[in-house]
Amino acid sequence: MQPIPRWADILLVPLVSVLLAAICATLVILAIGQSPWEALTTMVTGALGSAYGWGYTLYYATSFIFTGLAVTIAFHAGLFNIGGEGQAQLGGLGIAMVLLFVPWPHWTIAFTAAILASAAFGAIWGAIPGWLQAKRGSHIVITTIMFNYIAYALIVWILVDILRPPGQAEPATARFATGIPALSDIPGLSLIFTSPVPVNISLFVALIACVGVWALLWRTPLGYEIRAFGKSEPAARYAGIRPVRTIMIAMALSGALAGMMSINNVMGESGRLLQNSSEGAGFIGIAVALMGRSHPLGVVLAALLFGFLYQGGAEIGLWTQIPIDLRVVVQGLVILFTGALGYMVRSMLGVFFRPRKVATGKAVA
Amino acid sequence: MDYGTLLQLLDSTLRLATPLLLACLAGLWSERAGVFDIGLEGKMLVAAMSSGAVAFLTGSAWAGLAAGIGASVVWAVLHGIASITFRGNQLISGVALNFLASGITVLVAQAAFSQGGRTPALSGAARFNEITLPFADTLRGVPIFGRFYAEVISGHSILVYMALLAVPVTWWLLFRTRFGLRLRAVGENPAAVDTAGVSVIGTRYAAVLITGLLCGMAGAYMATALQAGFGREMTAGRGYIALAALIFAKWRPWGALWATLLFGFFQALALRPDVVAGITRTNIPVPALEALPYVLTVLVLAGFVGKAIPPRAGGEPYIKER
């Protein structure tokens, strides 16, 4: 394969991948007899055309930043964490625990406690598969898939049999006493978010987490160990990096970030723990991390794009004949092109960067 | 629990185990050749949608089965292109194809039938109907065995018997033919097989195609036999349970049969909490029963209940040395 310049690898490869995904999505829309142009305009106006629209876009993006960072950290350690769903739902359980059973004097303290609880619960749910891989040699992908289902069953059981208030039919907890401010409640920002929107101050936590992940991975010895371990396990071992410790820390951090997603939706938006609270964001984190090339800045950009896609997709489901499931198709295409077909995209681009043919053949003759 | 209830449970065990068994054997073929496939779910889903749609349009369950297999094979080839030809990450490719399947099935079903992403209800020849095996009614009077034969063994659709037959066929092909030997070798040490002049790429594609075929049957069974038509996300994680069963079975065909029957039994139990409560005399929550296969799989994977060792070259794209 022709090597391509670094700038092309960072910029061009994801752009071309997304373009290919968009072309395929257009073909799908044409194939089911709908208008791609109508789909696009509905998405753009629905996701960006109003305070309501961009409020939702940013709300979704906040969740995706957390889960995208979660997948990113695991990727750097050479681990494929597919368990973001379960970790996020457990994070939601942690929030429900601290908000339902402790009377907090002020929302700021409650918020801090909720962040810590969600991170702790998610970290545990991520660290167990990590431990099982490191110590017992079980494959992290399969274990985290299993842990998603176990988490789902666990949450259903807790919601139905334990935390459901008496007399309520729905499997959900009671409403939390404390919430967090939405951006539309904040003076100054309320000029941008003119109608009540779910995007809340978790967005700032997500951005801080981005900086934190960047600093951790590229500015600390631990981050160096994680990245070295992910590049080459034998070399890392030889250099004295302890595999069990590295895997478990990476998975615990990954799970903690996935769990923290719940401060956005469980505490910020719904105000109580519902069944399947993660709503697929754990899986979208995979697409976000792949598209963001496992870098926090890339994750933010990819999360914004997926936030747009999610809110726009909801509007498409409302206003056109195209089902809302189009966004799942696009998500699959993005993962396919940015993740599995990266080699194909790179070799396609390699054609354009082939060095000019110089007349070297003559020397032989 | 009386004998009648037990027979009912076993009957639904067999019904529920069939799609798991087909998908599990599908995964077995792929992973034995060194291609991990977490896309079993997606293949079953596209197969279920295609077979439901075509069976309704043609009124023939067999046409539905053919369409289901066709759609599943397309997905299998996509997985092959991404993970064999372009050496992409097999796990990521599987995840991507699952999402693609989950979305596209609803899009197509909605475009074709406008029934909220479902296919219309199937009836008559558009479904695989139950077959009464010979002597089922005459033997019914025989104590114990007669009723077992009539109520559990007999009275399933042809796909159930085809799935059961697929177990010895898979075993024979994999362990008693040259093709099977080469295929297993490709999953263990592709470089050696390559040196011997066998095409690693070709063998892996063959395995992936068989995976497509079996997943197609599993999906078609879901839509045209177990239920009457396709519904959104109707496979409901069965592809992943099949993957779990494959680990439980330690990548062996007969093990796959027992593992899927066990998991099918758990599913059947989860549908009958009254029976469970009757036996254990405690109130075991239904979610605990539903989570049992996953917990068991984690324990097996971790080596607490036997050790499961996957094919050695699994998950690695093969790059020929130059």
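The paragraphs below set out a description of the structure included in this document. (Residues numbered from 1 in each chain as written. Chains lettered and ligands numbered in written order. Predicted model: local features only at pLDDT ≥ 70, side-chain atom pairs only at ≥ 80, totals over all residues. Heavy atoms only, no water.)

### Notes on the overall build of chain B
Argument step 1. Helix and strand counts for chain B stand at 14 helices and zero strands.
Argument step 2. Sequence-ordered secondary structure for chain B, helices as α and strands as β, is α-α-α-α-α-α-α-α-α-α-α-α-α-α.
Argument step 3. Over its C-alpha atoms chain B spans a radius of gyration of 20 Å, differing by no more than 12% from the 20 Å that the globule rule assigns to 322 residues.
Argument step 4. For the C-alpha atoms alone, the extent of chain B along its principal axes is close to 70 × 50 × 40 Å.
Argument step 5. Residue pairs at least 24 apart in sequence account for 78% of intrachain contacts in chain B once pairs closer than 6 positions are excluded.
Argument step 6. Of the roughly 12600 Å² of accessible surface on chain B, a fraction of 65% belongs to carbon and sulfur atoms. (Helix = DSSP H or I, 4+ residues; strand = E, 2+ residues; numbered from the N terminus. Rg over C-alpha atoms; globule rule 2.2 N^0.38 Å. Contact = heavy atoms within 4.5 Å. Areas by Shrake-Rupley, 256 points an atom, 1.4 Å probe, with all protein chains shown as cover.)

### Looking at the overall build of chain A
Argument step 1. Scanning chain A from N- to C-terminus turns up 14 helices and zero strands.
Argument step 2. Taken from the N to the C terminus, the helices and strands of chain A come in the order α-α-α-α-α-α-α-α-α-α-α-α-α-α.
Argument step 3. For 365 residues, the compact-globule formula gives about 21 Å, and the C-alpha radius of gyration of chain A, at 22 Å, lands near that figure.
Argument step 4. Relative to its 365 residues, chain A shows a buried fraction of 56%.
Argument step 5. Taking as baseline every contact in chain A between residues at least 6 positions apart, the subset at least 24 positions apart corresponds to 75%.
Argument step 6. Positive and negative charge centroids in chain A, built from 19 and 12 side chains respectively, lie 20 Å apart. (Buried < 20%, exposed > 50% of the residue type's maximum accessible area, 1.4 Å probe, protein only. Lys, Arg positive; Asp, Glu negative; His and termini not counted. Charge placed at Lys NZ, Arg CZ, Asp CG, Glu CD.)

### Section: a nonpolar patch on the surface
Argument step 1. A cluster of nonpolar side chains, namely L19, I23, L27 and L30 of chain A, defines an oily patch on the protein surface of about 400 Å² accessible area.
Argument step 2. The topology assignment puts L27 of chain A in helix α1 (residues 6–31). (Patch = residues over 30% accessible without salt bridge, like charges linked within 9 Å, V, L, I, M, F, W, Y side chains within 5 Å. Salt bridge = Lys/Arg side-chain N within 4 Å of Asp/Glu carboxyl O.)

### Topic: the packing of helix α2 (residues 40–58) of chain B against helix α10 (residues 200–226) of chain B
What describes two packed helices is the angle between their axes and the distance between those same axes.
All names here are of chain B.
Argument step 1. Two elements in contact, α2 and α10, have axes whose closest approach is 7 Å; the angle formed by their N-to-C orientations is 55 degrees. Here α2 lies oblique to α10, going by the angle between them. Along this stretch, α2 crosses α10, giving a crossing that reads as right-handed. Side by side, α2 and α10 meet where L40, K43, M44, A47, A48, S51, G52 and A55 of the first sit next to T211, G212, C215, G216, A218, G219, A220, A223 and T224 of the second.
Argument step 2. Grouping the amino acids of the contact of α2 with α10 by side-chain chemistry returns nine nonpolar, seven polar and one charged. (Axes fitted to C-alpha atoms, helices over the stretch in contact; angles between N-to-C directions. Parallel < 35°, antiparallel > 145°, perpendicular 65-115°, else oblique. Left-handed = near helix turned anticlockwise from the far one by under 90°. Nonpolar A, V, L, I, M, F, W, Y, C, P; charged D, E, K, R; others polar.)

### Some words on the interface of chain A and chain B
Argument step 1. Of the residues lining the interface, 40 residues belong to chain A; the matching set on chain B comes to 41 residues.
Argument step 2. Between chain A and chain B, roughly 3500 Å² of surface is buried when both sides are summed, and carbon and sulfur atoms account for 83% of that area.
Argument step 3. The largest per-residue losses of area from chain A upon contact with chain B belong to R136, M146 and Y149 of chain A, which jointly make up 17% of the total buried on that side.
Argument step 4. Counting every contact that joins chain A to chain B gives one salt bridge.
Argument step 5. With a shortest N-O distance of 2.9 Å, D325 of chain A and R232 of chain B are connected by a salt bridge.
Argument step 6. Remark: the boundary between chain A and chain B carries three residue pairs in polar contact (both at pLDDT 80 or more).
Argument step 7. Sort the elements by how many residues they give to the side of chain A that touches chain B and helix α6 (residues 140–163) of chain A lands first, with 12 residues.
Argument step 8. Tallied by class, residues from the side of chain A that touches chain B come to 31 nonpolar, six polar and three charged. (Buried area = accessible area lost by both parts, 1.4 Å probe. Polar contact = N/O pair within 3.5 Å; in protein donor to acceptor, adjacent residues only side chain to side chain.)

### Thoughts on the packing of helix α11 (residues 281–291) of chain A against helix α13 (residues 326–340) of chain A
Residue and element names in this part refer to chain A.
Argument step 1. It is at 9 Å that the axes of α11 and α13 come closest, and there the two elements cross at 40 degrees. By the criterion of interaxial angle, the relationship of α11 to α13 is oblique. With respect to the hand of their crossing, α11 and α13 are arranged in left-handed fashion. Across the interface between the two elements, F283, I284, I286, A287, L290 and M291 from α11 touch Q331, V334, I335, T338 and G339 from α13.
Argument step 2. Partitioned by chemical class, the residues of the contact of α11 with α13 number eight nonpolar, three polar and no charged.

Honestly, that's just the spatial picture; any functional story needs more than this.
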